[in-house]
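Read off the chains here:
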Amino acid sequence: MEVKPVVVVVTQKLTDTLNEEPIADNKVMTLQLKGVKKSLLKLQSFSNQNQQDDGNVSDISQISRGHLQLLYQVEDEIEKFTFQVAGQRKRFGFLMKQAFFFNNLNSCRRLKRKIMKIQTIISPSPQDATPSPSSHKTLSLKSLSDHDEEHDDDEDNFGNELPRKSSSAVWPIVEIQNTPSPKRALARSLSTIPHHQEHMQQRKKLTFSYSYKEDEMNIVGFNIQYPKHQLSSFCYQEEELGVFGLNDDIKSLVRRLTHQTEMFIPIVGEEGYGKTTLARAVYKNRKTKDHFEFQSWISVTQEYTADRIKSSVLKSMDKMKGKRYLIVVDGVGSYSVQDLKDAFPDEKNGSKVIFTSRSIPEKMEFNPHLMSNLNDEESWKMFVDKVGKEKKAIRITATLKRKILSICKGSPQNIVLMAGLLSNNKIRRWSAVIGDGKCPDDVLRICYSDLTSGLKLCLLYLTLFPKDYDIPLRRLLRLWLAEGFVRREHKDRFPEDLAQECFEKLVGRNIIQITKLRSDNSPRRCRLVSVFHGFLLPKAEDISLFYIQQRSENFANATGSFGVRRMVHHMSTTGAAQVQYMVEPSLLRSYVSFNFQPKDMSEKQVGIILGRIIRSDFALLRVLDLEGVGKTSLPDKLGHLRHLRYLGLRWTFLESLPESVGDLSYLETLDVKHTSVDTLPDSIWKLKRLRHLNLNNIRLSMPPKSSSSLVTLWGLVLDEKISVTQGLDKLDELRELGIKFSLDKSQSVLLDWIVKLVKLQSLRLTSVDGMGQPSDLVLKPLTRLSKLSHLNLYGRLQKLPALNEFPPTVKVLTLSLSKLEKDPMETLGQLPCLIVLRLLGESFTGTRMVCHRGGFKKLGVLKLWILENLEEWDVEEEAMEMLKEVEIRNCHKLSNIPCRILQKQKCLEELILTGMSDEFVAGIKKRKSKYTSLTIKQST
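Just so we're clear, the structure is a prediction, and the values are computed from it rather than from any experiment.

Procedures and definitions
Residues numbered from 1 in each chain as written. Predicted model: local features only at pLDDT ≥ 70, side-chain atom pairs only at ≥ 80, totals over all residues. Heavy atoms only, no water. Salt bridge = Lys/Arg side-chain N within 4 Å of Asp/Glu carboxyl O. Helix = DSSP H or I, 4+ residues; strand = E, 2+ residues; numbered from the N terminus. Axes fitted to C-alpha atoms, helices over the stretch in contact; angles between N-to-C directions. Parallel < 35°, antiparallel > 145°, perpendicular 65-115°, else oblique. Left-handed = near helix turned anticlockwise from the far one by under 90°. Contact = heavy atoms within 4.5 Å. Nonpolar A, V, L, I, M, F, W, Y, C, P; charged D, E, K, R; others polar. Pairing = 2+ DSSP bridges. Buried < 20%, exposed > 50% of the residue type's maximum accessible area, 1.4 Å probe, protein only. Core = buried A, V, L, I, M, F, W, Y, C linked by side-chain atoms within 4.5 Å.

(A) Structural context of the pattern of salt bridges. What the rule picks out here adds up to 41 salt bridges. In this structure, the salt-bridge partner of Asp752 is Lys780, at a minimum N-O distance of 2.4 Å. Taken as a pair, Asp752 in helix α27 (residues 747–754) and Lys780 in the loop between β20 (762–767) and β21 (790–794) lie far apart in primary sequence, 28 residues in all. If you follow the salt bridges from partner to partner, you end up with Lys13, Glu75, Asp76, Glu79, Arg565, Arg589 and Arg622 in one network.

Right, dumping it as structure tokens:
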């Protein structure tokens, strides 16, 4: 049982409590809390030793459950106390800073007594005694309750417990009953073990002691369409596939797709054998793309039936009708193969369906492409390449080599994971890291065991997302921070950077896949490697990290061993109401929903659960994440959720936020982007800890004492009624800023403030007039913004900034409706870091554009949209040498694309033409390189 990661989180929450202003000013309280913190750290060291103990595994598990039980009680007491502090701060304001007032609070005195009792339970050092295996057997959950039975009449005893299935719940601090309720069991703790004197020494010891490219993905059941996926550098690149034994498979499948008559082609093999990797390589193959007029990728998780697959297919019928299509269905269960076959219309024109599955019924008349594992030579070649030790491979002993190959068993997935693990260690430590691994399952165990406690918890948290679900990195990092999983002891560093480091470590070990990159090649979406999901989920459930509400038949076990602390809702179920009423609301820390059904079930469910939490004495919810949930609303008393750190409402139909949102004093993330919310209450500026504010083009007033902790401010609307000096200029920590403004007189003041935001990484400026039409955008030199990588400018520019006025680090530049008359390419071609250039919607009004010799050294993506006057485009020698993708849309007067782009030695990989004339397209088809993939789209 994973006790250590929970210790890390509880310790972090205690550290946060110590940093609370009223508590930090009280020396007695601070000293008491620091004592508990030391005791928590002792538990972590004991857990290390416990894992290596030779005692009975079941006995050790019982001991760990006892520790975890007490840990959750400690966590409850800490959070209930901070909840009261937040409430008292709201009522008494500045008086909270007065030590004499704080010392006399009843809640403070009660908490101190409780902490003293907790400290006596957990403070003995693990080094005081060494328990024998037999002593482990005397410890049971029943024995853990004896301590409180002795103090049953004490007003401040550790508390009466809710029904057992809601264990770790503690009576509110405000009042403890003198007489125990006959309906409630006494709280468990580790104070007294049967035969107390005999086992005192034992008590001292025991008590506290593969990424990919694809055009489009549709995850069945979620109905989310994703655009083209970029290739991650961390895993299984397409050009490597032939090296590691898939080159012949690719050729064979492409031949079957383009020449044979069979409609359905199954790719069959065990998990980790590369079925999905092969399907992706074939899906992206140039010959495949040229052959089919329509392509679509459908990723299926285990929970979805053939009916859901059919529903997804029906949505694409109009696009598929009459066209030669290729559909890939990834992850089909054998039970739904026949239904899947019936779902697709046969256009009698060579259309194909590829599906991946572990097996297919023998009676099905398919000719499957069978996947097999790699031989030893192929396996070792792949391992050495992925581990990055080609030059040092000679130092790897034959014994160690055989051991690695034996564990990996020729599975590409296992090889990638093993390489990710060992690449982080020196060769001389490899034997120690691998340990006694003897079978493929050991790869997962070894990779997981090698992680730190903090990384383990971050990784376990990923299993609350549905299997194979693409997670926005923005969302994941902010959730980790809100849950308290990332330590924040580095005051000179952004918490977001610390979370990013955790993410990068897991990616470096090939445990997390990057499934989509941003235009500057930074990660945008990710997912947990499929084989890890099933391995980690039981571990997460074992410590009650969360409860996934998915099937109605599971609701009887909803409360688990330690209560429902985080509820995850995957889809509408008939048992929803029963689960919610069984959940103890004062225990719930998070509510995350993935219910994307069009019904109003989600609104009712959210309303029920929030209502119960708000009506409880202690509302300890830290995360309310409803991103993508259709219809939802929030209660007027939302402010009672004083512990809330994360309020994610993106892609919902929410229409308004209650005024009480300003009472969420701990709130760090408020995301209402892509909602129907068109105004926010002014009370949000009371949120002094708010770091990420994502809006939906909302006009806000800015009071003089606006929060100075904001890192993200996106979607703000400004006009002359709001002065920058009223509070906006106090925001000097911003990293991401997106503002739409209608300013004539004060635009200069706005730009003066922006050029001082030296930490900015992303900036979008949209200048409009009173009618919402593009207006003048008067830029000032942005040279000081030395960390800015994304710059998006919308509005009329009198002139393009000079080269020395651009941010030196800009990687992605977007110009829209700039109305530039002079060719901008001479200046833009000299930007040293430019990777992506988008010239959109009349950004250039001239007739001729020239990319000069040696320019655009790093440019990989160029988009030219609606440049209606553009007739000629010339590219001189040694310009745009790194260009991989070009998209031209509705440039109707453009006569051609330069030969140096179409036929250059370093091949252009992808060319997309939208709304261009048939004559233009025909000319391009004749002149383009055979290695360039051409996509033709109609103007929409």
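(B) Representation of the packing of helix α22 (residues 473–483) against helix α23 (residues 495–508). Here α22 crosses α23 at 115 degrees, and the two axes come no closer than 9 Å. Considering the angle they form, α22 stands roughly perpendicular to α23. Read as a crossing pair, α22 and α23 show a hand that is right-handed. In this structure, α22 contributes Leu473, Leu476, Leu477, Trp480 and Leu481 to the contact, and α23 contributes Pro495, Glu496, Ala499, Gln500, Cys502, Phe503 and Leu506. When its residues are assigned to classes, the contact of α22 with α23 shows 10 nonpolar, 1 polar and 1 charged.

(C) Quick peek at the sheet that holds strand β8 (residues 471–472). The antiparallel open sheet is built from 3 strands, whose spatial order is β8-β10-β9. For this open sheet the edge positions go to β8 and β9 (512–517), each flanked by a neighbour on one side alone. Bridge count between β9 and strand β10 (residues 523–528): 5 bridges; the pairing is antiparallel. Its bridge partner being in β10, Leu517 is matched across the sheet by Pro523.

(D) Geometry of the pairing of β21. Pairing of β20 with β21, which is carried by 5 bridges, proceeds in the parallel orientation. From the neighbouring strand, Leu763 faces β21, where its bridge partner is Leu791.

(E) Spatial organisation of the side chain of Ser929. With respect to the helices and strands, the residue Ser929 is situated in the loop between α30 (918–927) and β29 (933–937). Relative accessible area serves as the criterion here: at 14%, Ser929 is assigned to the buried category. Setting aside anything within four residues of it in sequence, one finds Ser929 in contact with Leu902 and Cys907.

(F) View of the environment of Lys893. Following the sequence through the fold, Lys893 ends up in the loop between β27 (885–889) and α29 (899–902). For Lys893, the residues in contact, after removing those within four places along its chain, are Glu868, Asn869, Leu870 and Glu871.

(G) Focus on the nonpolar core. Core analysis: the biggest nonpolar cluster contains 113 residues, and Leu693, Leu750, Trp753 and Trp873 have the highest contact counts within it. Counting residues per element, this core draws most heavily on helix α26 (residues 601–615), at 5 residues. Discounting chain neighbours no more than four positions away, the residues touching Trp873 are Met849, Cys851, Leu862, Leu864, Met880, Val886, Ile888, Leu894, Ile897, Pro898 and Ile901. Within the second largest apolar cluster, 95 residues are counted, among which are Val6, Ala393, Ile446 and Leu481.

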